[in-house]
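Given next are the chains, with one letter for each unit.
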Amino acid sequence: MFINRTHELAILNQHSRSISSGSRINIALFGLRRIGKTELLLQFKNTTHDNNILIPYINLQKIIPDIEGFVKAYSKELIYETIRQKEQADYPYEMEDLLILASKLGDMETHHVRTLISILKQHEIATEELLELTFAFAQKLAEKHDKKIIFMLDEFQELLQVHSRFLQVMRSITEKQKDVNYWISGSVFSVFNEMLNYKNPFFGQFTRMTLENFDKESTYELIDSTLPFKPAQNHKDKIYKFTNGQPYYTVAVCRKISEQYALDSSINTPQVNFCIMNEIFADTGSINEHFEYILDVSLAKFKNKDRYKTILFLLSQDPATLAAIARHIKKPTGEISNYLKALLRTDLIFRKDSTYHIRNPLFAFWVNNKYLGLGTELTSGKAAEHLLANLEEKYQRVSTELGIAKEFEIKYKLEALYNIKLEKYLKDNIEFDLVGTDGNTAYIFEIKWRNKKTSYKDIDNLIQKINSSEFRTQKKQVIFISRSGYTKSALEFAGQHEVKLLNRHMEKVTIQDS
């Protein structure tokens, strides 16, 4: 369900116009699972009607994760999208069908498909040469048909399974192509970021975008469009508080409430509570099934899965250090460190300084209660209310950790925006969210990622901290980022003290915006 990603869609549309005019723009879109990345990409694809642009799309989780599966899907999408701009056509599921479509386009396309079929029949396949042939085909197609190509590769991190040198081969071919752009998405942040960092081939090649939870107004719009009746305001508030604007959770809960409404023709607060908890813990609950899937997929390649689950259970109660986890499990810290490194690569957990946290507090709540044996259907409304109260307490406790996780994501956006390296700062008991230097100028960032406007007092507190720090006499730029905007007094105060204000999209905010 596509709701209100108007800002992100506008950015994609602007980039596509630039591409149509001759620019080359690669985009890396990050968002945690079920945040709406696929919906955004497909909405852009389905609403873009520019005959100068081809927009092939592959969800890499839905193809066979090997060289053969990738090169087949890649060529099928390119040829199919080219034909579709000319006439209606059935999707070429088999290579023979693809050959028929290619013959309609001409000798070059036909030769490519025949070559592909011939190579794939060989007993031993020269995989790097096959990848080079595949990526080179896109530019040839673009030049022949006078098109620009935006190739969407959804869940891009899956390609790491295809070939150990996949990124190097892809970069060596695609960096020379003037008409082919790649828009990639990823849901495992640690792996996705590693693929794009300075040590790897694609460093500096992609514009980063992060897809976040909905704000309150967009969540209410989603609730209203999903429920078959007009819900009470306090029930919408409760759903938003529970889901924190996560669209998949919001829709799942609304559908459960709709089922209850169909039975009773009315909904009260205990029923809303019951639907929320049932959706998390019932065996048929969508959120329960989603978490089961995340856990299974994340741990699929690991041996000794029970050890990983034990660590997750410990962290679901409270964040912990390596030493504390090792002490509880009664294993050497070196062994536990290896488990934690593996879990960090799944994005189930993250590390702040020396402490490990589960990234998603609702997932932590689910792990904790599932481990303790809570499952199937909840039979008591009071039990549901008790669980919901515990969940609200957990949300309250981890609000700081959520901010830390968001800072981690924002850090890379700001590094690209200001072209400087940024790090957390803690010295002489003074802490800043991010600090970097460019020549003689210090850049100091404060990030407020909460559902409340930033006040002048928040900005004044930052200025006071700076005046007490080593930066008080240095040349500096002070930048404040607020998820929920600024009060009028904050805008005026920031202007008086030369503090630059950015909104949740890293765009400049001025007094004229009030």
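Just above, that's the structure.
Basis of the calculations
- Residues numbered from 1 in each chain as written.
- Predicted model: local features only at pLDDT ≥ 70, side-chain atom pairs only at ≥ 80, totals over all residues.
- Heavy atoms only, no water.
- Helix = DSSP H or I, 4+ residues; strand = E, 2+ residues; numbered from the N terminus.
- Rg over C-alpha atoms; globule rule 2.2 N^0.38 Å.
- Buried < 20%, exposed > 50% of the residue type's maximum accessible area, 1.4 Å probe, protein only.
- Areas by Shrake-Rupley, 256 points an atom, 1.4 Å probe, with all protein chains shown as cover.
- Lys, Arg positive; Asp, Glu negative; His and termini not counted.
- Charge placed at Lys NZ, Arg CZ, Asp CG, Glu CD.
- Pairing = 2+ DSSP bridges.
- Contact = heavy atoms within 4.5 Å.
- Axes fitted to C-alpha atoms, helices over the stretch in contact; angles between N-to-C directions.
- Core = buried A, V, L, I, M, F, W, Y, C linked by side-chain atoms within 4.5 Å.
- Salt bridge = Lys/Arg side-chain N within 4 Å of Asp/Glu carboxyl O.

Draft legend 1. Expanded view of the overall build of the chain. A count of helical and extended segments in the chain gives 21 helices and 15 strands. Here the C-alpha atoms of the chain give a radius of gyration of 25 Å, agreeing with the 24 Å that 2.2 N^0.38 yields for 514 residues. Along the first, second and third principal axes, the C-alpha atoms of the chain reach 65 × 65 × 55 Å. Across the 514 residues of the chain, 54% fall into the buried class. Of the roughly 24600 Å² that the chain leaves accessible, carbon and sulfur atoms contribute 47%. If the 69 positive side-chain charges of the chain are averaged to one point and the 65 negative ones to another, these points end up 4 Å apart.

Draft legend 2. Representation of unusual backbone geometry within the structure. A positive phi angle, near 55°, is found at E498, a position not held by glycine. The residue E498 is located in the loop between α21 (488-496) and β14 (499-502) in this model. By relative accessible area, E498 is classed as exposed at 72%. Residues other than glycine seldom take positive phi values, yet M506 does so here, at roughly 65°. On the secondary structure map, M506 appears in the loop between β14 and β15 (508-509). What makes M506 buried here is its relative accessible area of 12%.

Draft legend 3. Spatial organisation of the sheet that holds strand β8 (residues 349-352). The strand order across the open sheet formed by 3 strands is β7-β9-β8, and the pairing between neighbours is antiparallel. Sheet topology places β7 (320-321) and β8 at the edges, where each strand pairs with a single neighbour. With 2 bridges connecting them, β7 and strand β9 (residues 355-358) associate as antiparallel partners. From the neighbouring strand, T321 faces β9, where its bridge partner is T355. Of the strands in this sheet, β8 and β9 touch helix α16 (residues 333-344), which is tilted by about 110° from β8.

Draft legend 4. Up close: the sheet that holds strand β10 (residues 423-427). Taking strand neighbours across the sheet as the criterion, the 6 strands line up as β10-β11-β12-β13-β14-β15 in an open arrangement whose pairing is mixed. Each edge of the open sheet carries a strand with a single partner, namely β10 and β15. Judged from the 2 bridges that link them, β14 and β15 form a sheet pairing that is antiparallel. Residue pairing for β15: L502 is matched across the bridge by K508. Helix α20 (residues 456-467) rests against β11 (430-438), β12 (441-448), β13 (476-482) and β14 of the sheet, and its axis sits at about 150° to β13.

Draft legend 5. Summary view of the nonpolar core. In this structure, F70, L153, F156 and Y182 are the most contacted members of the largest nonpolar core, which totals 56 residues. Per element, the largest residue contribution to this core is 9 residues, and it comes from helix α3 (residues 67-84). Setting aside anything within four residues of it in sequence, one finds Y182 in contact with N26, I27, Y74, F135, F151, L153, M170, T174, Q177 and F206. Among the nonpolar cores identified, the runner-up in size contains 54 residues, and C275, I287, L314 and F363 belong to it.

Draft legend 6. Highlighting the pairing of β8. Sheet topology note: the β8/β9 ladder contains 4 bridges and is antiparallel. The residue of β9 that forms the bridge with I349 is I358.

Draft legend 7. Structural context of the pattern of salt bridges. According to the stated counting rule, one finds 22 salt bridges in the structure shown. We note a salt bridge from R504 to E212, for which the minimum N-O separation is 3.1 Å. In this pair, R504 sits in the loop between β14 and β15 while E212 sits in the loop between β6 (207-210) and α9 (216-226), placing the two residues 292 residues apart along the sequence. The pair R504 / E212 is uniform in exposure class, with both members buried. The partner of K421 in a salt bridge is E423, with the nearest N and O atoms 4.0 Å apart. Note on E423: relative accessible area 40%, which makes it partly exposed. A network of salt bridges, in which partner residues are shared, links K45, E81 and R84.

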